Amino acid sequence: MSPVIIAILVLQLPLSVGTSEDADCLLRRGTSVRKEGDVVIGAFFTLFSFFYLTGVVEIKPSKEFYFSQLMPNNYQHVLALVFAIEEINRSPQLLTNVTLGYEFHNVMHSHWRTVESSLLVLTGQDEMPNYTCRRENTSVAVLTGASWENVSQFGALLELYRLPQLAFGSFNSKMSDKGQFPSLYQLAPKDTALALGMVSLMLHFGWTWVGLVIAEGQKGLQFLSNDCAFNASLTWLPVNRFDPAMSDGSYNIYNAVYAVAHALQEMLRQQVQTQPGGKGEAMVTSPWQLHPFLKNVQLHSPAGDAVILDDARKLHAEYDIVNFWNFPEGLRHQTTCRSVCSESCGPGFRKTLREGKAPCCFDCAPCPENEIANDTDMERCVRCPDHQYANTERSCCLEKSVTFLAYEDPLGKALAATALSLTVLTAGVLRLFLRHRDTPIVRANNRGLSYTLLVSLAFCFLCSLLFIGRPNTATCVLRQTTFGAVFTVAVSTVLAKTVTVVLAFKVTTPGRKVRRLLVSGAPNSIIPICSLIQLTLCGIWMGTSPPFIDTDAHSEHGHVIIVCNKGSLTAFYCVLGYLGSLALGSFTLAFLARNLPDTFNEAKFLTFSMLVFCSVWVTFLPVYHSTRGKAMVAMEVFSILASGAGLLGCIFAPKCYIILLRPERNSLQQLKDKMHSEKKKKP
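Below is a short write-up of the structure. (Residues numbered from 1 in each chain as written. Predicted model: local features only at pLDDT ≥ 70, side-chain atom pairs only at ≥ 80, totals over all residues. Heavy atoms only, no water.)

Section: the nonpolar core
Phe-433, Leu-457, Phe-487, Phe-613 and Phe-652 are the most contacted members of the largest nonpolar core, which totals 67 residues. Counting residues per element, the ones that place at least two in this core are helix H10 (410-435), helix H11 (440-443), helix H12 (447-463), helix H13 (473-506), helix H15 (526-544), helix H16 (569-592), helix H17 (603-626) and helix H18 (630-661). The greatest single-element share of this core, amounting to 13 residues, is contributed by H18. The next biggest cluster of nonpolar side chains, apart from the first, holds 47 residues, and it includes Phe-168, Leu-187, Leu-268 and Leu-294. (Core = buried A, V, L, I, M, F, W, Y, C linked by side-chain atoms within 4.5 Å. Buried < 20%, exposed > 50% of the residue type's maximum accessible area, 1.4 Å probe, protein only. Helix = DSSP H or I, 4+ residues; strand = E, 2+ residues; numbered from the N terminus.)

Written out as structure tokens, the structure reads:
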């Protein structure tokens, strides 16, 4: 059994009284314990006090009787010191090949006993200052006691040797003065605001009768000097003789040993690196060399608390308010005190003050849409960023997923399949017309214009595919320019066919200007002229404010939609308006020529096709502005396909019906017979 444990078991009596003969024997037995090591850490503990009885009248102390009072709770400091050193010696990561030792001395409450203990640490004897008779290693650092008075007394002598001193008592702002205590380091966190906080709490609630339970010691005296009025009554409660729970002082001692160990390890590492060749054993030469490393020590205790010795970087202490109750059974039951008259508002809710009530009385209101409250009793909710959205509980923000009208979506698949089907159908009609290019129904109304219209319609269907898939800069530009160009060619071709029909029935006598226009192919020039105007509008659009990639974070919940911003809405509507004016002109002209007599008169079919085309795009405008996100893009694709299908079906479906199902009507003899019968019907 170690001498420390023996001492604890022997000295368990709280108070002993003896005569002068016993006193001399007790003092000769010694008050120090030492265990050798490569590096030694010293400590001063108040394990028992020794003082003579002083008479009431006599000024001179009497040596007839003495009191020796034991302090059992302070023995826990010894256990903390020994436990920390033995734990470090067993650690393979800290101070390898170096063994820590320790020595501690009992400190009695007298000036000369304090000086005596200091000399024992510095020289190994207490009779002759500045003379050392010890051969063993001197302590590289000293742990000083919990009493501020003892710390200041130790500091006056130890500072002459610049010996590092680590105070494990409560924090004292006066000892942070490096001019007076340059070698002193305090382990306790800054808790100087605790007394002020208690006073502020009492003033806030207007308490006039307060029971204050404080510990005996320096911190307790600080509370008494700040909080207690002149009419306060003090009662000293009995304390346990030995508390098994770790006290603040023992916890600080444990952290102090680890702080010295980390500083030693860093200093030894630098000594090895600075030696020639980087080899050889490094050892502490003087304790004062440890100061720069102690100032930079920053580690975390096993409990997770930060251990910082530099007062400038030391953190302030944090406190919890606890309401103790059931005093008859002791201070064992506790519950968190309530300082409000309402239940706490959980995550997803914010506090709303009740009108005419105290600030501690409130209601809980759910956070608005896309706002969260991730803590209890929040005053206001916080809006999620644009790229995030609030979860159902409104307690956290989640990342939005990126989306667009993709080919993998059911809607994207349906639109793409429709576009490809219409393209194949248009190609089939074109092939059919090429195979029957010499028949009357194909040659009527300028078969070259029919070919041009079919090719442009095929490109109209294909351009809708540019609106499906992930947008990029190229597709955003090509969407609008391709759409405007190919649809202008298609509509201007319909206009040219309508003009051809009208001019054909206006030719009654040879030599007229109308006949010359028809023979020269003047209606065909409508297509390049109209297309050039549209291309000019698109060029101005692309040169001033072209379309670009944009994101829409508000249309769909939980999604960020990648879209193509039109750039200039004015230019977009100019392109669309010009296209609409061509369609309206074609519709008007075809409507006026719908009753002209001819076997293969296209005027009626052209009228219906333009009626469908205009109806689709007139419906498109209000629906387009009322939708957002992928639905807006889908609406634009649907309008392109619907208007193109209207042109294809109204103009070419009747002709395909005759070519495929009624071929007898598609012959020159049938045409002559029909014209002859119509002449007989005329009066």
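Some details on the packing of aromatic side chains
On inspection of all chains with the given rule, the structure shows 17 aromatic pairs. Ring geometry for Phe-45 versus Phe-104: centroids 5.9 Å apart, planes at 50 degrees, classification tilted. Of the two residues, Phe-45 is situated in strand E3 (residues 39-45) and Phe-104 in strand E6 (residues 100-106); the sequence distance between them amounts to 59 residues. On the basis of relative accessibility, which here comes to 1%, the residue Phe-45 falls in the buried class. When its relative accessible area of 4% is taken as the criterion, Phe-104 is described as buried. Relative to Phe-620, the ring of Trp-617 lies with its centre 5.0 Å away and its plane at 70 degrees, an arrangement referred to as edge-to-face. You can see Trp-617 and its partner Phe-620 sitting in helix H17, 3 residues apart, about one turn around the helix. Classification of Trp-617 as buried rests on a relative accessible area of 9%. (Phe/Tyr/Trp six-rings, centres within 6.5 Å; stacked < 30°, edge-to-face > 60°.)

Quick look at H17
The terminal C-alpha atoms of H17, which comprises 24 residues, lie 35 Å apart, in line with the 34 Å expected from a rise of 1.5 Å per residue. Largest kink in H17: about 30 degrees, centred on Phe-620, with the proline Pro-622 one to four residues after it. Three or more residues of H17 are buried, namely Ala-603, Leu-606, Thr-607, Ser-609, Met-610, Phe-613, Cys-614, Val-616, Trp-617, Phe-620 and Tyr-624. (Expected span 1.5 Å × (residues − 1). Bend = angle between axes of the 7 residues up to and from the residue.)

A closer look at the state of the cysteines
For the structure shown, the criterion picks out 4 disulfides. For Cys-345, the disulfide goes to Cys-364, at an S-S distance of 1.9 Å. Note on the Cys-345 and Cys-364 pair: the S-S dihedral is about -95 degrees, so by sign convention the disulfide is left-handed. Taken together, the positions of Cys-345 in the loop between strand E13 (333-336) and strand E14 (349-353) and Cys-364 in strand E15 (residues 362-366) put the pair 19 residues apart, joining distant regions of the chain. There is a disulfide in this structure between Cys-367 and Cys-381, and the S-S distance comes to 2.0 Å. Its torsion about the S-S bond being -80 degrees, the disulfide of Cys-367 and Cys-381 is classed as left-handed. (Disulfide = S-S within 2.5 Å.)

Here's the deal with the sheet that holds strand E8 (residues 165-167)
In space, the 6 strands of this open sheet follow the order E2-E6-E3-E7-E8-E9, with mixed pairing throughout. Only two strands of the sheet have a single neighbouring strand rather than two, namely strand E2 (32-35) and strand E9 (184-186). Across the sheet, the mean angle separating the axes of adjacent strands is 20 degrees when strand polarity is ignored. Pairing of E8 with E9, which is carried by 3 bridges, proceeds in the parallel orientation. In the sheet register, Leu-166 faces E9, and the bridge partner there is Tyr-185. Sheet contacts for helix H3 (residues 75-90): E2, E3, E6 and strand E7 (141-144); angle to E6, the most-contacted strand, approximately 170 degrees. (Pairing = 2+ DSSP bridges. Axes fitted to C-alpha atoms, helices over the stretch in contact; angles between N-to-C directions. Contact = heavy atoms within 4.5 Å.)

Describing unusual backbone geometry
Although it is not a glycine, Asp-377 adopts a positive phi angle of roughly 55 degrees. Here Asp-377 lies in the loop between strand E16 (371-372) and strand E17 (382-383). Residue classification places Asp-377 among the partly exposed positions, given a relative accessible area of 27%. One non-glycine residue, Arg-394, lies in positive phi territory at about 55 degrees. With respect to the helices, strands and loops of the structure, Arg-394 is situated in the loop between strand E18 (388-390) and strand E19 (397-399).

What about the packing of H10 against H12?
For the pair H10 and H12, the least separation of the axes is 8 Å and the interaxial angle reads 165 degrees. Overall, the two elements H10 and H12 adopt an arrangement that is roughly antiparallel. Crossing angle aside, the handedness with which H10 passes H12 is left-handed. In contact with Ala-419, Leu-420, Leu-422, Thr-423, Thr-426, Val-429, Leu-430, Phe-433 and Leu-434 of H10, H12 contributes Ser-450, Tyr-451, Leu-454, Val-455, Leu-457, Ala-458, Phe-461 and Leu-462. In terms of residue class, the contact of H10 with H12 is made up of 14 nonpolar, 3 polar and no charged. (Parallel < 35°, antiparallel > 145°, perpendicular 65-115°, else oblique. Left-handed = near helix turned anticlockwise from the far one by under 90°. Nonpolar A, V, L, I, M, F, W, Y, C, P; charged D, E, K, R; others polar.)

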